Amino acid sequence: NQYLQALSMLGMSGIGRNASRVYIFGIAGSQDQPMLEGKNILMKNYRVDSLREYVQYRMRQLDRQFEGKIVFYSPVTLKYQGELLHEFQIEALYRAALRRVYMLNCFEGNEMDERAYAIGLPYRIASQRVYQETVARYSNHKRQKMHLNGMIGTIELEEDGFPENKELFLKIMLAGEILHIGKSTSFGFGRYRLR
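As the structure is a prediction and not an experimental result, all values here were calculated from the model.

**Focus on the pattern of salt bridges**
Reasoning step 1: Following the criterion strictly, the structure yields 10 salt bridges and no others.
Reasoning step 2: A salt bridge links Glu67 to Arg195; its shortest N-O distance comes to 3.9 Å. Of this pair, Glu67 sits in the loop between helix H2 (51-64) and strand S3 (69-76) while Arg195 sits in the segment after strand S8 (192-194), and the two are 128 residues apart along the sequence.
Reasoning step 3: Between Glu158 and Arg124 there is a salt bridge, with its nearest N and O atoms 2.1 Å apart. Here Glu158 is found in strand S7 (residues 144-159), whereas its partner Arg124 is found in strand S6 (residues 123-139), with 34 residues between them in sequence.
Reasoning step 4: Among the charged side chains, a salt-bridge network with shared partners connects Glu67, Lys69, Glu156 and Arg195.

**Points about the sheet that holds S3**
Reasoning step 1: Read across the sheet, 4 strands follow the order S6-S7-S3-S8 without closing on themselves; strand pairing throughout is antiparallel. Sheet topology places S6 and S8 at the edges, where each strand pairs with a single neighbour. In this sheet, adjacent strand axes meet at a mean angle of 10 degrees when their direction is disregarded.

**Comments concerning the nonpolar core**
What tends to happen in soluble globular proteins is that the nonpolar side chains get buried as a cluster.
Reasoning step 1: Counting 38 residues, the largest nonpolar core has Ile70, Phe72, Tyr94, Phe169 and Met173 as the members making the most contacts within it.
Reasoning step 2: Counting residues per element, the ones that place at least two in this core are H2, S3, helix H3 (90-108), S6, S7, helix H4 (166-179) and S8.
Reasoning step 3: Excluding its chain neighbours within four sequence positions, the residues that come into contact with Phe72 are Phe88, Leu93, Ile152, Gly153, Ile155, Ile181, Arg191 and Tyr192.

**Points about the side chain of Gln33**
Reasoning step 1: Inspection of the secondary structure puts Gln33 in the loop between helix H1 (2-13) and strand S1 (36-37).
Reasoning step 2: Only 3.4 Å separates the side chain of Gln33 from the backbone oxygen of Asn45, close enough to count as a polar contact.

**Here's the deal with a nonpolar patch on the surface**
Reasoning step 1: A cluster of nonpolar side chains, contributed by Tyr102, Met103, Leu104, Phe107 and Tyr117, occupies part of the molecular surface with about 490 Å² of accessible area.
Reasoning step 2: Relative to the helices and strands, Leu104 resides in helix H3.
Reasoning step 3: With a relative accessible area of 30%, Leu104 lands in the partly exposed category.

**Focus: the pairing of S6**
Reasoning step 1: Where S6 lies against S7, 16 bridges are found, and the strand directions are antiparallel. Paired with Ala136 across the strands is His147, a residue of S7.

**With respect to unusual backbone geometry**
Reasoning step 1: Phi at Arg143 is positive, roughly 55 degrees, even though this residue is not glycine.
Reasoning step 2: Tracing the chain through its elements places Arg143 in the loop between S6 and S7.
Reasoning step 3: On the basis of relative accessible area, Arg143 is assigned to the exposed category, the value being 64%.
Reasoning step 4: Non-glycine residue Ser184 carries a positive phi angle of around 60 degrees.
Reasoning step 5: For Ser184, a relative accessible area of 22% puts it in the partly exposed group.

Basis of the calculations
- Residues numbered from 1 in each chain as written.
- Predicted model: local features only at pLDDT ≥ 70, side-chain atom pairs only at ≥ 80, totals over all residues.
- Heavy atoms only, no water.
- Salt bridge = Lys/Arg side-chain N within 4 Å of Asp/Glu carboxyl O.
- Helix = DSSP H or I, 4+ residues; strand = E, 2+ residues; numbered from the N terminus.
- Pairing = 2+ DSSP bridges.
- Axes fitted to C-alpha atoms, helices over the stretch in contact; angles between N-to-C directions.
- Core = buried A, V, L, I, M, F, W, Y, C linked by side-chain atoms within 4.5 Å.
- Buried < 20%, exposed > 50% of the residue type's maximum accessible area, 1.4 Å probe, protein only.
- Contact = heavy atoms within 4.5 Å.
- Polar contact = N/O pair within 3.5 Å; in protein donor to acceptor, adjacent residues only side chain to side chain.
- Patch = residues over 30% accessible without salt bridge, like charges linked within 9 Å, V, L, I, M, F, W, Y side chains within 5 Å.
- Areas by Shrake-Rupley, 256 points an atom, 1.4 Å probe, with all protein chains shown as cover.

Taken by themselves, the reported measurements are silent on function.
Rendered as structure tokens:
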């Protein structure tokens, strides 16, 4: 409640260099349950989930219906094997998600499943629609406008050779839905969803 109040007050006074006003029109929980109705917080829908619970919830969803798509809703900037990517590569996406999961486990002191580092990937990219996107932002630190570049788009996957690794691959990629991947995640980059 105090975070919501703080964000509301910040939105009324304005955020950023131009003091842009922000209005909170909705909040949803990790399982898409509404958390806000008008100006009332629905505490009955409030719950604290772990990343593991989120991944289990999404695995159940994908068991019922997985179209084999990854949709990027915000730009992703990835380097893979020393090169900045201009189109999606499944190995690069998996490694980026694995890196984020690994870092989180390091912070929490959890062990990682050793198989995650050396799996043969169960999917390959059948087709993709990629768009380059540039987001302008102002850096107070550098006192200048900056441009952040990345890719958005949709990837269509097809099965490819290692079906025994499908569950582990999906778990890592689903964790990445929450953690985001690539550079500039603190600015909202790297947000995607498996469908």
